[in-house]
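Chain residues, written in single-letter form:
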Amino acid sequence: MSDQTQNLGDAARANFERFARGEPIAVDVGEIERELGSLWQQASSAGGSQTGAALARAALWNLVLPTRGREELAKTKALVDAIAPAVPVRAITLCLDDAAGQSELSATIESNVVSRPGGGRVVYSEEITLVGPAGAEAHFGAMVRALQVPGVRTATLWMNTAMPAALLTRELLPVTHQLIVDTASCTGPLHLQDLQRLASRAHPLPVADLGWLRLASFRLLFAGMFDPPVGGGPLRSATRLEVKHRKGGDVSALLIVAWLGQLLGWRPLRSAETPAGGLRFDFERVDGGSVEAFLVPGAGPCDQSAILSIELASGPDEYVVSRDAIDEARVQLPIAPARTVKLDAYSDADICVAALGPRGHDPLFARCLEYAGRLWSLEPRNADRR
Amino acid sequence: MEKIAVPSSALPNPLREGLAEERIPEPATMVIFGASGDLARRKLLPALYSLTRDRLLPARFAVLGFGRHAQDDDAFREEMRRGCEEFARRRPVDAPLWAAFARNLFYQQGAYDDPAAFQRLKTRLEEIERTLGLPGNRVFYLSTPPSAFAPVIRSLGQAELAPQPAPGKPFARVIIEKPFGVDLETARALNRQVHEILDERQIYRIDHYLGKETVQNLLVFRFANGIFEPLWNNHFVDHVQITGSETVGVEGRGGYFEQAGSLRDMVQNHLLQVLSLAAMEPPVAFEADEVRDEKLKVLKALRHIPESDFDRHVVRAQYAAGSIAGRAVPGYRAEPGVNPASTTETFVALKLFIDSWRWAGVPFYLRSGKRLPKRVTEIAIHFKEAPHLLFGRRGETIRPNVLSIRIQPDEGIALNFGSKLPGPAMEIAPVSMEFRYGSSFGVEPPEAYERLLLDCLLGDGTLFTRGDEVEASWSWVSRIHRRWAAEAAAGKTTLPAYAAGSWGPEEAERMLAADGRAWRLP
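Residues numbered from 1 in each chain as written. Chains lettered and ligands numbered in written order. Predicted model: local features only at pLDDT ≥ 70, side-chain atom pairs only at ≥ 80, totals over all residues. Heavy atoms only, no water.

Novice: I tried to follow the interface of chain B and chain A on my own but got confused; where do I start?
Specialist: Many descriptions give the size of an interface as the accessible area lost when the pieces come together. Between chain B and chain A, the residue contacts involve 32 residues of the former and 44 residues of the latter. Where chain B abuts chain A, roughly 3200 Å² becomes buried across the two surfaces, and 56% of that area is made up of carbon and sulfur atoms. Of all residues in chain B, B:L15, B:E17 and B:R55 bury the most surface against chain A, accounting for 22% of the area lost on that side. Summed over the shared surface of chain B and chain A, the number is one salt bridge. Residue B:R16 pairs with A:D227 through a salt bridge whose shortest N-O separation is 2.7 Å. On inspection of chain B and its partner chain A, the count reaches four residue pairs in polar contact (both at pLDDT 80 or more). Mapped by element, the contributors of at least two residues to the side of chain B that touches chain A are α3 (95–102) and α10 (437–441) of chain B. Residue composition of the side of chain B that touches chain A, by class: 13 nonpolar, seven polar and 12 charged. (Contact = heavy atoms within 4.5 Å. Buried area = accessible area lost by both parts, 1.4 Å probe. Salt bridge = Lys/Arg side-chain N within 4 Å of Asp/Glu carboxyl O. Polar contact = N/O pair within 3.5 Å; in protein donor to acceptor, adjacent residues only side chain to side chain. Helix = DSSP H or I, 4+ residues; strand = E, 2+ residues; numbered from the N terminus. Nonpolar A, V, L, I, M, F, W, Y, C, P; charged D, E, K, R; others polar.)

Rendered as structure tokens:
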């Protein structure tokens with residue numbers, strides 16, 4: 001055996017060992033599929049000799065994750081690692097690195113191996129990362145089209161509103177079956193309107209919002225108060241709504257108001273800032289009565305949903321869900337003693353997995369997003385920005 | 001025109017839109033008879049706690065334990081807390097949540113046939129409902145010895161605690177644990193006694209196997225996918241094997257098992273229920289009666305085992321001493337509470353046919369046993385071989401396709417098929433395409449009792465057994481018992497032994513070998 005052949009063999013073995021450990025391996029951009037195929041073949045041989053069974057690559061989704069900058073790339077890759085145990089995906093991470101030294105795209109591949117208790121490996125999926133300098137987004141569309149696992153649906157996780165919108169609208173949406181956004185990444189309600197426009201352009205694709213999904217626990221608790229025997233009566237005659245939220249969480253709070261306003265048929269009339277730094281909205285109810293709603297910034301234990309409490313007054317009665325701790329809430333309604341309930345603490349990966357399932361197809365979200373956009377256009381501070 | 005005031009409670013809750021997948025029952029009280037027993041501590045309260053933890057129970061919900069054992073509310077709460085800490089799916093138990101949950105746990109002592117005790121129960125229930133603002137909906141769970149089923153239901157009737165369903169009135173439902181009778185006659189008698197008080201719609205006969213995720217997924221697998229159902233018949237299926245094996249012995253329940261045996265304990269309920277779901281025709285809707293109508297047809301179509309050929313269709317056996325998980329274990333007759341000359345079967349293997357258009361000529365092999373090498377319940381559909389063995393000419397063995405549906409543990413579905421091995425030669429190797437709940441969805445399926453308790457509170461009887469199903473399965477099983485009784489009377493009982501840790505007696509292997517088949521190793 002020549003030294004050269006020996007060296008090539010050593011390099012291949014080293015690559016395979018790194019691949020089996022889930023470490024990234026740099027590959028030529030044009031050879032991604034071939035390299036992956038070769039590494040899986042080796043993994044299958046190695047696994048087969050240990051277990052007597054062939055290995056299978058698994059992908060229920062192609063998951064495209066556009067990112068900007070190395071810091072965000074690292075966070076995104078950590079997110080993919082956390083999603084993989086729950087849903088095997090071929091992750092295609094696209095990174096625009098403004099500080100990149102090279103002028104061309106670079107690629108790495110890695111495996112996500114999920115072990116069964118006791119050490120047996122059961123799920124094998126893969127992750128492809130493409131990094132390029134500003135302007136490289138022109139190549140991303142073609143790369144994604146080339147790397148999609150055929151016959152498997154594609155979801156695009158569009159978290160960074162600073163990414164060039166054309167990458168999404170021109171290149172990725174035509175090959176996407178599910179768009180996932182995160183209203184929690186909006187730095188203000190103005191971004192909410194950007195997302196609303198994006199969702200409109202994506203139509204009829206389902207759009208899942210991680211922020212909306214994070215609100216599900218609170219929405220469910222609040223909605224549960226109006227199941228029989230209380231019924232929907234107090235909602236119809238609601239007079240006041242107060243949503244307390246963590247500072248900076250006004251987008252989440254706005255979505256809660258939009259949720260109630262949309263479902264209860266409240267007509268937005270006007271808005272105003274409050275002395276406490278919050279917002280007030282006035283609505284007309286279906287029966288002609290009026291409702292005042294307040295977004296109140298505050299402090300307290302809170303998860304990423306940013307909601308601290310929802311209080312609804314209907315005549316003399318109050319219906320309250322308030323957070324006692326990050327994972328605990330108190331439910332108060334007039335006909336029963338207050339009770340404590342557990343709030344599930346969901347990680348971003350849990351929420352992403354939910355977005356890839358049936359909960360990612362919630363037509364109510366689009367309606368609430370549109371309604372929130374209307375509320376925002378009432379907001380006095382935006383008069384000069386409209 | 002005068003306006004008619006609609007009560008608030010009758011107005012729909014618009015906020016449920018988009019949250020509809022979370023089915024929340026109406027506020028209710030669950031009364032558990034036999035609350036000081038093992039089932040309440042190990043299964044029922046842990047299931048209710050996990051449902052509370054997952055916010056699937058209504059905001060107002062109470063549990064009233066009823067038992068012969070004297071204890072107060074606090075002692076009951078403490079015992080149930082220990083049970084939840086040990087057995088709940090959602091562990092560790094969350095202290096504030098438990099405190100809130102435990103506030104609505106109560107206990108009442110009484111005898112099952114004492115009318116005065118049931119009057120006290122009624123008074124206590126009304127007091128709890130008044131205090132907690134509960135609307136009077138009640139579920140009565142009979143976690144008692146079977147001998148107490150009829151007395152409890154009679155007492156419920158006498159105390160007017162279980163009125164028949166009426167529109168706009170609170171509901172009263174009764175969950176009855178297995179065994180529902182010990183043969184056809186006792187099952188019929190119990191059905192009659194129960195129906196004197198209750199409407200069939202109020203009765204939820206529980207078989208916890210039906211609450212398992214894979215059992216429900218079997219219906220989805222068959223009827224929500226277009227590719228499997230066309231193969232699900234005698235044109236393509238060679239035979240079906242259903243295995244329900246346990247590693248445990250009688251676990252201190254020797255007295256009970258001596259009266260039951262594997263045929264009563266496992267086959268009459270669990271395995272025949274699983275069989276009926278695997279073999280039934282598509283129901284017209286996924287509704288309780290529509291599904292149960294189709295299951296009933298399967299049970300009614302079970303061919304009675306011919307007397308002349310009985311031994312080729314039925315094998316029973318009893319475990320002898322052996323080894324399980326590296327530990328020596330005693331034989332059945334040496335277990336506490338077991339007659340040293342016992343003839344109770346701890347293993348049974350059956351070959352049966354379903355006389356229907358779909359399954360004509362397809363044997364179904366069922367086996368169930370204690371002290372087998374692993375705990376597993378699965379259905380294995382063995383498909384026929386390819387009609388022309390294009391690749392088998394040089395003596396390669398090509399195994400037929402097998403679709404295995406694993407009910408427990410490690411729930412999932414696997415399809416075995418042949419694949420060409422890479423290389424110039426035409427060599428074929430079996431490969432497996434697997435779906436596992438744990439790895440595919442990354443979530444732990446809920447406990448069967450969680451699903452079933454929730455369904456009962458929601459009034460959904462789909463996963464519970466109807467009275468006529470119970471009678472149909474007993475009708476088939478009782479013939480086997482009668483044959484065994486006749487053999488015993490004639491002193492001709494044949495009861496082979498199998499070593500604990502083996503897959504059963506040789507007779508079971510021979511039963512399949514006679515048909516040119518073999519038991520699958522699950």
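Novice: Sorry if this is basic, but what is going on with unusual backbone geometry here?
Specialist: With glycine set apart, most residues show a phi of negative sign, and most peptide bonds adopt trans. Going from A:H203 to A:P204, the amide bond is cis rather than trans, its omega being 15°. Looking at the element boundaries, A:P204 is found in the loop between α6 (189–202) and β8 (207–209). With an omega dihedral of 0°, the bond running from B:K178 to B:P179 counts as a cis peptide bond. For B:P179, the location among the structural elements is in the loop between β5 (172–176) and α6 (184–197). For B:E251, which is not glycine, the phi torsion reads 50° and is therefore positive.

Novice: Please clarify how helix α11 (residues 348–355) of chain A should be interpreted in this entry.
Specialist: Three- or four-residue spacings in an α-helix give side chains the same orientation, since the helix completes a turn every 3.6 residues. All names here are of chain A. Of all eight residues in α11, six are buried, a share of seventy percent or more. Of the residues making up α11, those classed as buried are A349, I351, C352, V353, A354 and A355. Buried-residue contacts for α11 involve α3 (70–83), β6 (153–158), β7 (178–181), β8 and α7 (210–214). (Buried < 20%, exposed > 50% of the residue type's maximum accessible area, 1.4 Å probe, protein only.)

Novice: Just to check I follow, could you spell out the nonpolar core for this structure?
Specialist: Taken as a class, soluble globular proteins show a tendency for nonpolar side chains to be buried jointly. Grouped together as the largest cluster of nonpolar side chains are 129 residues, with contacts concentrated most on B:F33, B:L48, B:F140, B:F364 and B:I379. No other element matches helix α8 (residues 254–279) of chain B, which puts 10 residues into this core. Excluding residues that lie within four positions of it along the chain, B:F364 makes contacts with B:V240, B:L275, B:A279, B:L350, B:K351, B:L352, B:I354 and B:W359. Core analysis: the second largest hydrophobic core is formed by 93 residues, A:I25, A:L312, A:L333 and B:L19 among them. (Core = buried A, V, L, I, M, F, W, Y, C linked by side-chain atoms within 4.5 Å.)

Novice: Whenever I open this one, the pattern of salt bridges confuses me. Can you help?
Specialist: Any two side chains of opposite charge can pair, on the condition that their charged atoms come close. Residue and element names in this part refer to chain A. Under the definition given, this model contains 63 salt bridges over all chains. In this structure, the salt-bridge partner of R267 is E284, at a minimum N-O distance of 2.9 Å. Within this pair, whereas R267 is found in strand β10 (residues 267–273), its partner E284 is found in strand β11 (residues 279–284), the two being separated by 17 residues in sequence. For E284, a relative accessible area of 26% puts it in the partly exposed group. Note that R330 and D324 form a salt bridge whose closest N and O atoms lie 3.5 Å from each other. Each of R240, E242, K244, R270, R280, D282, E292 and E311 takes part in salt bridges that share partners, so that together they form one network.

Novice: Before we go on, may I ask you to explain the packing of α8(B) against helix α12 (residues 467–489) of chain B in this structure?
Specialist: When two helices pack together, their arrangement is given by the angle between the helix axes and the distance between those axes. Residue and element names in this part refer to chain B. As a packed pair, α8 and α12 sit with axes 10 Å apart at the nearest point and diverge in direction by 140°. Here α12 runs oblique to α8, going by the angle between their axes. Judged by the twist between their axes, the crossing of α8 over α12 is right-handed. Residues L263, R264, Q268, L272 and Q273 of α8 touch α12, and the partners they reach there are E469, V470, S473, W474, W476, V477, I480, H481 and W484. (Axes fitted to C-alpha atoms, helices over the stretch in contact; angles between N-to-C directions. Parallel < 35°, antiparallel > 145°, perpendicular 65-115°, else oblique. Left-handed = near helix turned anticlockwise from the far one by under 90°.)

Novice: Any chance you could explain the sheet that holds strand β1 (residues 28–33) of chain B here in plain terms?
Specialist: Two pairing modes exist for strands in a sheet, parallel and antiparallel, and in both the strands are linked by backbone hydrogen bonds. Residue and element names in this part refer to chain B. Read across the sheet, six strands follow the order β3-β2-β1-β4-β5-β6 without closing on themselves; strand pairing throughout is parallel. Whereas interior strands pair on both sides, the edge strands pair on one side only; in this sheet they are β3 (105–109) and β6 (203–205). With direction set aside, neighbouring strand axes in the sheet form an average angle of 20°. Examined bridge by bridge, strand β4 (residues 138–142) and β5 share five bridges and lie parallel to one another. The residue of β5 that forms the bridge with V139 is R173. (Pairing = 2+ DSSP bridges.)

Novice: What should I look at first to understand the sheet that holds β10(A) in this one?
Specialist: All names here are of chain A. Read from one edge of the open sheet, eight strands run β10-β11-β12-β9-β13-β14-β15-β16, paired in mixed fashion. Both outer strands of the open sheet, β10 and β16 (336–342), are each paired with one neighbouring strand and no more. Sheet twist, expressed as the mean angle between neighbouring strand axes with direction ignored, is 15°. The pairing of β11 with strand β12 (residues 290–298) spans six bridges and is antiparallel. Each residue of the ladder has a partner; that of R280, found in β12, is F294.

Novice: Looking at this structure, how should I read the state of the cysteines?
Specialist: Two cysteines whose sulfur atoms are joined by a covalent bond form what is called a disulfide. Residue and element names in this part refer to chain B. Tallied over the entire structure, the rule returns zero disulfides over all chains. Distance from the sulfur of C456, which forms no disulfide, to the nearest cysteine sulfur (C84) is 19 Å. A relative accessible area of 1% means that C456 is categorised as buried. (Disulfide = S-S within 2.5 Å.)

Novice: I would appreciate a short explanation of the packing of aromatic side chains in the present structure.
Specialist: Each aromatic ring pair is summarised here by two numbers: the centre-to-centre distance and the angle between the ring planes. Here the structure, examined in full by the defined rule, presents 25 aromatic pairs over all chains. Taking the centre distance of 5.6 Å and the plane angle of 20° together, the rings of B:F33 and B:F118 count as stacked. Placement of B:F33 in strand β1 and of B:F118 in helix α4 (residues 115–132) is noted, with a sequence separation of 85 residues between them. The exposure class assigned to B:F118 is buried, which follows from its relative accessible area of 0%. An aromatic cluster is present here, built from B:F33, B:F66, B:Y112, B:F118 and B:F140 joined pairwise through their rings. Of note, A:R153 hangs over the ring of A:W61, and the distance from its end group to the ring centre comes to 4.1 Å. Here the basic side chain of B:R205 rests over the ring of B:F180, its NZ or CZ set 4.8 Å away from the ring centre. (Phe/Tyr/Trp six-rings, centres within 6.5 Å; stacked < 30°, edge-to-face > 60°. Lys NZ or Arg CZ within 6 Å of the ring centre and 35° of its normal.)

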